[in-house]
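Below, each chain spelled out in residue letters.
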Amino acid sequence: MEENLGSSQQPKVENIKINIDDQIKSMKKKFSQYNVKDHKPIVASNYRVPDDMRNGQEDAYTPKVVSIGPIHHGKPQLQTMERSKWMFLGWYLERSLVCFDDMVRVGIDIEEEARMSYPEEFDNISSQEFSEMIILDFIFLIEFFFKFATKNEQTIPFDKTIITNITRDTILLENQFPQQLLTRLFHLLYKEHNLGDLILKYFWYRYIPISLNASPDDWNSVSDMLDFLVMCHDGKTECTIRREIQLMWLERTCSATELREAGVKFSKVVDAAFLLDVKFVNGVLKMPVIVISKFTETCFRNMIAFEQSRLDKPKRVTGYLYVLSKLIRSPKDVVLLSNCGIIKHPDHSVERVLNFFQGVGVGSIITTDQCNFWAIYTEMHAYSGNYWHQWKGSWFKWKRMLREDYFNSPWSIISVIAAFMLLVLTVIQTAYAIKQK
């Protein structure tokens with residue numbers, strides 16, 4: 001017999017008369033311990049991946065080998081790299097003009113400011129541990145960048161897999177240092193270098209596709225490294241299209257195969273300035289090449305998580321991948337865009353690429369900031385609705401069906417040619433027989 005879990009089995013809560021004086025004293029005591037001026041404002045910007053975006057993809061947002069900042073600090077699986085951070089500190093001290101004592105004082109002086117950079121309190125980390133973490137993590141990050149920017153990465157005593165995982169971990173949303181904190185520490189400890197230039201060189205050397213329009217000065221206008229990476233991808237484009245156009249296309253997008261059958265062509269752009277440089281010109285959708293790998297999967301997921309965690313940021317990478325998820329709805333769409341050179345997936349199967357695009361935006365919110373892509377879809381819709389283009393699209397469809405169903409091998413082509421020749425000979429023979437009568 002089943003029982004109702006909400007029934008009388010739960011303990012009853014007795015109504016106890018509250019002593020007003022005791023309640024007043026209790027609340028006054030709690031209020032006296034709360035300083036309104038010291039309270040950090042509640043903000044949407046944070047360094048936590050939204051829960052509804054994880055969706056079984058925890059691995060894409062969790063560091064594999066190194067923690068940067070307080071969120072993943074102290075996790076057992078990351079302790080090996082914690083010991084290695086002292087080695088990076090030694091490299092810094094060998095060539096730095098800053099002495100050890102002054103470096104420690106910088107960590108102590110900036111500890112409170114560093115805590116205020118995060119919306120969370122992290123009361124479980126003592127002041128001594130927090131200041132030590134800030135110095136070790138910061139110097140590890142910058143020294144790692146220097147090794148690649150100066151092409152001395154071979155001196156890092158890690159194998160290729162570890163270095164790849166460190167590169168991956170540095171662009172995770174939950175592994176970010178706020179830009180103001182990074183810049184302040186850099187000015188105190190690395191006076192002779194430019195931080196924005198260093199990060200750009202690191203991005204470029206580690207084969208992350210970046211915008212040719214990005215400059216070191218752009219670092220001063222972003223919130224962290226991941227924000228800088230997003231800027232490199234979207235080229236700082238502006239939004240000018242009306243809301244109505246975008247919302248209309250949320251429901252009316254077509255797959256790549258459907259658009260191709262309606263006369264739309266696809267072409268890769270080799271020398272694109274940035275990844276989101278998508279254009280529709282004279283019936284051709286021109287898109288930069290996008291490489292799908294384990295690294296780029298993690299990169300895109302964290303860029304979307306970044307955009308979703310900040311209300312003040314446009315959602316252009318989210319919109320770009322949302323459009324691709326509408327274009328790519330079946331294995332045929334993946335094959336079509338791969339044959340056009342737009343998608344490259346050397347290590348991934350067609351099914352995995354399809355699953356990535358269908359799941360990458362799960363849990364994300366589409367806003368009206370992705371206007372450039374909806375405007376492009378509006379143009380494609382108008383183009384594919386033209387009767388002449390529809391006729392060309394039908395001709396393309398029939399050609400594809402003939403090629404796939406009837407001429408998919410040399411023997412089938414030979415058979416058709418032989419049958420055609422036999423038909424011609426039969427007609428000639430018949431005509432000759434009639435003439436003889």
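Q: I'd like a rundown of the side chain of His72, residues and numbers included.
A: Mapped onto the elements of the fold, His72 is located in the loop between helix H2 (51-54) and helix H3 (79-95). Polar contacts involving the side chain of His72 include one to the side chain of Glu174, which spans 2.8 Å. In contact with His72, other than residues within four places in its own chain, are Tyr61, Thr62, Pro63, Ser67, Leu78, Glu174 and Asn175.

Q: Any chance you could break down the sheet that holds strand E3 (residues 284-288) for me, citing the residues and the numbers?
A: One open sheet holds the three strands; their spatial order is E1-E3-E2, and the pairing between them is mixed. Looking at the sheet topology across the chains shown, the edges are occupied by strand E1 (265-269) and strand E2 (279-281). Strand after strand, the sheet turns through a mean of 30° between neighbouring axes, direction not considered. Where E1 lies against E3, five bridges are found, and the strand directions are parallel. By the bridge assignment for E3, Ser267 is matched with Lys286.

Q: Pulling in residues and values, what's your account of a nonpolar patch on the surface?
A: The grouping of Ile417, Phe420, Met421, Val424, Leu425 and Ile428 at the surface amounts to a nonpolar patch, some 600 Å² of accessible area in total. Residue classification places Leu425 among the exposed positions, given a relative accessible area of 53%.

Q: Explain the pattern of salt bridges residue by residue, including any values.
A: On inspection of all chains with the given rule, the structure shows 14 salt bridges. For Arg115, the salt bridge is made with Glu111, and the minimal N-O distance between the two is 2.4 Å. You can see Arg115 and its partner Glu111 sitting in helix H4 (residues 100-116), four residues apart, about one turn around the helix. What makes Arg115 buried here is its relative accessible area of 16%. Overall, the relative accessible area of 11% leaves Glu111 in the buried class. Each of Arg54, Glu58 and Glu174 takes part in one network of salt bridges that share partners.

Q: An account of the confidence of the model for the protein chain is needed here, citing residue identities and associated values.
A: Per-residue confidence for the protein chain gives a mean pLDDT of 78, with 75% of residues at or over 70. Of all secondary-structure elements in the protein chain, the lowest mean pLDDT belongs to helix H10 (residues 243-252), at 41, while helix H14 (residues 331-339) reaches the highest, 94. Contacts from residues 39-45, a stretch scored under 50 in pLDDT, to residues over four places away or in other chains number 14 contacts. Scored below 50 in pLDDT, residues 237-251 shows 31 contacts in the model against residues more than four places distant or in partner chains.

Q: Talk me through the packing of aromatic side chains; I want residue IDs and the actual numbers.
A: Applying the stated criterion to the full structure yields 17 aromatic pairs. A ring pair is formed by Phe88 and Phe140, whose centres lie 4.6 Å apart and whose planes are at 70°; its orientation type is edge-to-face. Taken together, the residues Phe88 in helix H3 and Phe140 in helix H5 (residues 127-149) connect sequence positions 52 residues apart. Within the aromatic cluster, the residues linked to one another by ring pairs are Phe88, Trp91, Phe140, Phe144, Phe145, Phe148, Phe158, Tyr202, Phe203, Trp219 and Phe228. If you follow Arg95 out to its NZ or CZ, it ends over the ring of Phe146, 4.7 Å from the centre. Here the basic side chain of Arg115 rests over the ring of Phe130, its NZ or CZ set 4.3 Å away from the ring centre.

Each value, and the rule that gives it
- Residues numbered from 1 in each chain as written.
- Predicted model: local features only at pLDDT ≥ 70, side-chain atom pairs only at ≥ 80, totals over all residues.
- Heavy atoms only, no water.
- Helix = DSSP H or I, 4+ residues; strand = E, 2+ residues; numbered from the N terminus.
- Polar contact = N/O pair within 3.5 Å; in protein donor to acceptor, adjacent residues only side chain to side chain.
- Contact = heavy atoms within 4.5 Å.
- Pairing = 2+ DSSP bridges.
- Axes fitted to C-alpha atoms, helices over the stretch in contact; angles between N-to-C directions.
- Patch = residues over 30% accessible without salt bridge, like charges linked within 9 Å, V, L, I, M, F, W, Y side chains within 5 Å.
- Areas by Shrake-Rupley, 256 points an atom, 1.4 Å probe, with all protein chains shown as cover.
- Salt bridge = Lys/Arg side-chain N within 4 Å of Asp/Glu carboxyl O.
- Buried < 20%, exposed > 50% of the residue type's maximum accessible area, 1.4 Å probe, protein only.
- pLDDT = per-residue confidence, 0-100.
- Phe/Tyr/Trp six-rings, centres within 6.5 Å; stacked < 30°, edge-to-face > 60°.
- Lys NZ or Arg CZ within 6 Å of the ring centre and 35° of its normal.

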